[in-house]
Amino acid sequence: MLKFIAAVSFAFLGFLSAADARTITDAAGRKVDIPDKVSRVLAAGPPASVLVYVLAPDKLTGWVQAPSDAEKPFLMPSVRDLPAYGRLTGKGGTANMESVIAAKPDLIIDVGTVNPTYASLADKVQAQTGIPYVLIDGSFAKSAETLKQAGDILGVPDRAKLLADYADAKLTDLSDKLATIPADQRPKVYYGRGPAGLETGLAGSISLEILEAAGATNVAAAAGKGGLTQVSLEQILAWNPDTILAASGKFASAVKSDPTWASIDAVKNSRVFVTPSLPFGWFDAPPGINRLIGIAWLEKLLYPKVFTADLSGEVRDFYKLFYQVDLTDEQLQILLKGAATSQN
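A brief report on the enclosed structure follows. No experiment lies behind these values; they were computed from the predicted model shown.

1. Re the environment of Arg80
Within the secondary structure layout, Arg80 lies in the loop between α2 (46–55) and α3 (97–102). In this structure Arg80 comes out as partly exposed when scored by relative accessible area, which is 25%. In the structure, Arg80 is positioned 14 residues away from Ala66 in sequence and 8.2 Å away in space, judged by C-alpha atoms. Ignoring sequence-local partners within four residues, the contact set of Arg80 consists of Trp63, Pro67, Lys72, Pro73 and Leu75. Within the local environment of Arg80, its side chain forms a polar contact with the backbone oxygen of Leu75, the two atoms lying 2.9 Å apart.

2. As for the packing of helix α11 (residues 292–302) against helix α12 (residues 311–323)
Between α11 and α12, the least distance of the axes is 10 Å, while the angle of their chain directions is 175°. With respect to α12, the element α11 is oriented roughly antiparallel. Every residue of α12 that contacts α11 at Leu292, Ile293, Ala296, Trp297 and Lys300 is listed here: Leu311, Glu314, Val315, Phe318 and Phe322. Of the residues assigned to the contact of α11 with α12, the class counts are eight nonpolar, no polar and two charged.

3. A short note on the sheet that holds strand β6 (residues 188–192)
Sheet strands pair by backbone hydrogen bonding; their relative direction is either parallel or antiparallel. In space, the four strands of this open sheet follow the order β8-β6-β10-β11, with parallel pairing throughout. Looking along the sheet, the strands with just one partner apiece sit at the ends: β8 (217–218) and β11 (272–274). With three bridges connecting them, strand β10 (residues 243–246) and β11 associate as parallel partners. Note that in β11 the partner of Leu245 across the bridge is Phe273. Docked against the sheet, α11 engages β6, β10 and β11, running at close to 150° with respect to β10.

4. Observations concerning helix α5 (residues 143–154)
With twelve residues, α5 extends 16 Å between its outermost C-alpha atoms, agreeing within 8% with the 16 Å of an ideal straight helix rising 1.5 Å per residue. Burial in α5 covers these residues: Ser143, Ala144, Thr146, Leu147, Ala150, Gly151, Ile153 and Leu154.

5. Description of the nonpolar core
Counting 93 residues, the largest nonpolar core has Tyr53, Leu55, Leu147, Trp297, Tyr319 and Phe322 as the members making the most contacts within it. Every residue in contact with Leu55, bar those within four places of it in the chain, is listed here: Leu147, Ala150, Gly151, Leu154, Val156, Arg159, Ala160 and Leu163. Counting 18 residues, the second largest nonpolar core, distinct from the first, contains Ala220, Ile244, Val255 and Ala266.

6. Observations concerning the pattern of salt bridges
Applying the stated criterion to the full structure yields 14 salt bridges. Note that Asp81 and Lys72 form a salt bridge whose closest N and O atoms lie 2.9 Å from each other. For Asp81, a relative accessible area of 62% corresponds to the exposed category. Its salt-bridge partner being Lys161, residue Asp165 comes within 2.9 Å of it at the nearest N-O pair. Taken together, the residues span about one helical turn, with Asp165 and Lys161 both in helix α6 (residues 157–178) at a distance of four residues.

7. Remarks on the packing of aromatic side chains
Here the distance between the centres and the angle between the planes together describe a pair of aromatic rings. Per the counting criterion, the structure on display carries 17 aromatic pairs. Ring centres of Phe251 and Trp261 lie 5.5 Å apart, and the angle between their planes is 65°; on these two criteria the pair is classed as edge-to-face. Of this pair, Phe251 sits in helix α9 (residues 249–257) while Trp261 is found in the loop between α9 and α10 (265–268), placing the two residues ten residues apart along the sequence. As far as the burial class goes, Phe251 and Trp261 line up, both buried. Between the aromatic rings of Tyr319 and Tyr323, the centroid separation amounts to 4.9 Å while the plane-to-plane angle is 90°, which identifies the pairing as edge-to-face. Linking Tyr319 with Tyr323, this pair stays in helix α12, spanning four residues, or about one helical turn.

8. Overview of the environment of Leu121
Along the polypeptide, Leu121 turns up in helix α4 (residues 116–129). Taking the C-alpha atoms as reference points, Leu121 and Thr89, separated by 32 residues in sequence, lie 7.9 Å from one another. Other than its neighbours up to four places away in sequence, Leu121 contacts Leu88, Thr89 and Tyr133.

9. Things to note about the side chain of Asp137
Mapped onto the fold, Asp137 is located in strand β5 (residues 133–137). When sequence neighbours within four positions are dropped, the list of residues in contact with Asp137 reads Ala27, Gly112, Val114, Lys142 and Thr146.

10. Here we look at α12
Between its terminal C-alpha atoms α12 stretches 17 Å, which fits the 18 Å expected from 13 residues at 1.5 Å a residue. Listed as buried for α12 are Leu311, Glu314, Val315, Phe318, Tyr319, Phe322 and Tyr323. What you see down the axis of α12 is that its buried residues fit within an arc of 130°, all on one side. In this structure, the buried residues of α12 make contact with α2, α5, α6, α11 and α13 (329–336). Residue Gln324 follows α12 closely and has a positive phi angle near 60°.

11. Concerning the side chain of Lys59
Relative to the elements of secondary structure, Lys59 occurs in the loop between α2 and α3. The charged side chain of Lys59 is buried without a salt bridge, its nearest counter-charge being Asp58 at 4.7 Å. Side-chain polar atoms of Lys59 contact the backbone oxygen of Val38, separated by 2.7 Å. For Lys59, the contacting residues outside a window of four places in its chain are Val38, Ser39, Arg40, Val41, Leu154 and Val156.

The rules we used
- Residues numbered from 1 in each chain as written.
- Predicted model: local features only at pLDDT ≥ 70, side-chain atom pairs only at ≥ 80, totals over all residues.
- Heavy atoms only, no water.
- Helix = DSSP H or I, 4+ residues; strand = E, 2+ residues; numbered from the N terminus.
- Buried < 20%, exposed > 50% of the residue type's maximum accessible area, 1.4 Å probe, protein only.
- Contact = heavy atoms within 4.5 Å.
- Polar contact = N/O pair within 3.5 Å; in protein donor to acceptor, adjacent residues only side chain to side chain.
- Axes fitted to C-alpha atoms, helices over the stretch in contact; angles between N-to-C directions.
- Parallel < 35°, antiparallel > 145°, perpendicular 65-115°, else oblique.
- Nonpolar A, V, L, I, M, F, W, Y, C, P; charged D, E, K, R; others polar.
- Pairing = 2+ DSSP bridges.
- Expected span 1.5 Å × (residues − 1).
- Core = buried A, V, L, I, M, F, W, Y, C linked by side-chain atoms within 4.5 Å.
- Salt bridge = Lys/Arg side-chain N within 4 Å of Asp/Glu carboxyl O.
- Phe/Tyr/Trp six-rings, centres within 6.5 Å; stacked < 30°, edge-to-face > 60°.
- Arc of directions from axis to C-beta.
- Lys, Arg positive; Asp, Glu negative; His and termini not counted.

The structure is reproduced here in structure tokens:
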């Protein structure tokens, strides 16, 4: 196998001559030679899959995880049945070098947190396969920059500018209006993952990044800094959030019916909502460009008197612009089931 990889690497590097390549500096400060024309891209993880899909779906070689039957109607028909090859990065990496090479990508892209661990992995995979591997900062606040950088790499700058302008306008409007809302009027929110809802993100967790962007308080930040963690019901009772966001409908239903949750303000005031997730999460899962529509949802959910735009219209516009699908009324209802209030 190692001889095969070495042979492929040598052939690829020989083909990628100075005449048909350019050198870029990625988010980790790595100098990477990439083809002038990129036709096939392999995403190293879920956020990268979303980014490549919204910018250049025709260049996507496959999915990290195959779309479910529920997700497929919210994607362009041309990408619904692309092969799945696993993930290179993050928890539970499943892709191997054989599957990476078999996909025949011109380029590997990873998007998200950039640190020495991810840079080391990129160097290792690039050395083993001979395929250029680029790291892009996926910080939510840098969404517009992320889109433009990726658009330049993929050779679709006009498409990237269109989406980046949307991101810029959305985050600027959010910032301007949040500045008018006093701190004591910002909600205290608990975000629960999984069917039991006892997994959440600490202060600084990328999974809670969008909540901070929306000006709300992550009650689990009281437990410290870090990534995802398990908490107890007793902790949540003590934090007493006024809004609960559930990644799982099963968790949301349990919270509303289980008397052990009844004393929490969020439950008393019917402020328990399911985070929309088709075809990608609006809040998390993955923490990528897909979260831009989550901002429109959170604005209406948390500050309905300040953010008065029609949510249904914003959702339709986003899906048309980013995912290139026209939502039906039925699909819109599916997206917002358990996620909307009467004020939306």
